[in-house]
Amino acid sequence: VLDEVTFKYEEDTECVLKEFNLTVENGKTVALVGPSGVGKTTIANLIPRFYEVTSGRITIDGHDIRSVTQQSLRKNIGIVQQDVFIFFGTVSENIAYGKPGATEEEIITAAKRANIHDFIESLDFGYDTIVGERGVKLSGGQKQRIAIARAILADRPILLLDEATSALDAMSERMVQQAIDRLMVGKTSIVIAHRLATVQHADRILVMDKGRVVGSGDHASLMKSDTLYREYAELQLLS
């Protein structure tokens with residue numbers, strides 16, 4: 001729950017969020033859509049306490065997140081972002097980062113669910129292939145699927161997906177989206193996306209503008225009732 005959350009990055013700057021309210025029920029998926037700069041990514045940064053709220057509060061199961069340690073909070077949150085962090089090492093090590101000490105079987109199972117196993121098997125050294133600094137040997141879609149395998153392996157109850165399919169070609173986007181759909185099963189998820197095709201099946205979609213919610217509903221209802229959402233959809237050739 002985000003309860004009357006106000007946030008500004010610096011004291012003298014304008015509020016990014018002002019008295020913002022959001023409730024995500026256990027096991028549900030809520031999508032945030034809207035123009036750049038309206039506070040969607042800020043919300044994703046406040047929940048794991050990368051930044052602290054200026055006023056208001058964020059609670060999980062009724063507990064103010066400031067009353068628990070950052071470590072215990074972040075152990076319950078999986079994050080997949082547009083800019084994926086891949087470190088120098090093997091494919092296996094990068095996936096296992098989600099669960100130190102994971103078995104080979106667990107790593108392979110996660111890779112299969114993330115639609116990346118077949119690609120890994122095609123590499124000269126399979127799971128022992130060195131991916132290079134920041135994953136220089138991998139495409140954007142391959143990096144994303146490794147990050148998703150990492151999140152599947154970590155198996156955390158809360159998921160934050162921030163533009164996870166942006167800047168991918170159509171084939172990569174479809175494979176990543178299939179992996180994301182598997183990742184979200186049974187999880188409480190907040191999905192941030194510009195591409196509305198990736199959020200059509202969310203339980204609830206919030207349309208944001210200037211740090212506030214200006215529309216709420218599922219895809220079908222918003223297409224009928226929300227002008228801003230419909231404009232986005234028509235621009236992206238959705239119907």
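The rules behind each value
- Residues numbered from 1 in each chain as written.
- Predicted model: local features only at pLDDT ≥ 70, side-chain atom pairs only at ≥ 80, totals over all residues.
- Heavy atoms only, no water.
- Pairing = 2+ DSSP bridges.
- Helix = DSSP H or I, 4+ residues; strand = E, 2+ residues; numbered from the N terminus.
- Core = buried A, V, L, I, M, F, W, Y, C linked by side-chain atoms within 4.5 Å.
- Buried < 20%, exposed > 50% of the residue type's maximum accessible area, 1.4 Å probe, protein only.
- Contact = heavy atoms within 4.5 Å.
- Arc of directions from axis to C-beta.
- Salt bridge = Lys/Arg side-chain N within 4 Å of Asp/Glu carboxyl O.

Draft legend 1. Molecular detail of the sheet that holds strand β1 (residues 2-7). Pairing is antiparallel across the open sheet formed by four strands, whose spatial order is β2-β1-β4-β5. The open sheet is flanked by β2 (17-22) and β5 (63-64), the only strands paired with a single partner. In this structure, β1 lies alongside strand β4 (residues 55-60), joined through three bridges in antiparallel fashion. Residue Leu 2 lies in a different strand from β4, and its bridge partner there is Ile 58.

Draft legend 2. Local environment of the nonpolar core. Of all hydrophobic cores here, the largest spans 45 residues; its most connected members are Val 80, Ile 95, Ile 148, Leu 183, Val 199, Ile 205 and Tyr 229. The residues contacting Ile 205, other than those within four sequence positions of it, are Ala 31, Val 33, Val 199, Gly 215, Ser 216, Gly 217, Asp 218, His 219, Leu 222 and Tyr 229. If you look at the next biggest cluster of nonpolar residues, it comprises 26 residues, including Val 5, Leu 17, Ile 47 and Leu 73.

Draft legend 3. Seen up close, helix α9 (residues 227-235). All buried positions along α9 are accounted for by Tyr 229, Tyr 232 and Ala 233. In an axial view of α9, the angular spread of the buried residues amounts to 95 degrees, which keeps them on one side of the axis. Packed against the buried residues of α9 are β3 (29-33), β9 (204-209) and α8 (219-225).

Draft legend 4. Seen up close, the pattern of salt bridges. A complete count under the given rule lists five salt bridges for this structure. In this structure, the salt-bridge partner of Arg 57 is Asp 3, at a minimum N-O distance of 3.7 Å. In this pair, Arg 57 is assigned in strand β4 and Asp 3 in strand β1, connecting sequence segments 54 residues apart. Take Arg 57: its relative accessible area is 38%, and that puts it in the partly exposed class. The closest approach of N and O atoms between Arg 49 and Glu 52, which form a salt bridge, is 2.9 Å. By relative accessible area, Arg 49 is classed as buried at 13%. Taking the relative accessible area as the measure of exposure, Glu 52 reaches 36% and is therefore partly exposed.

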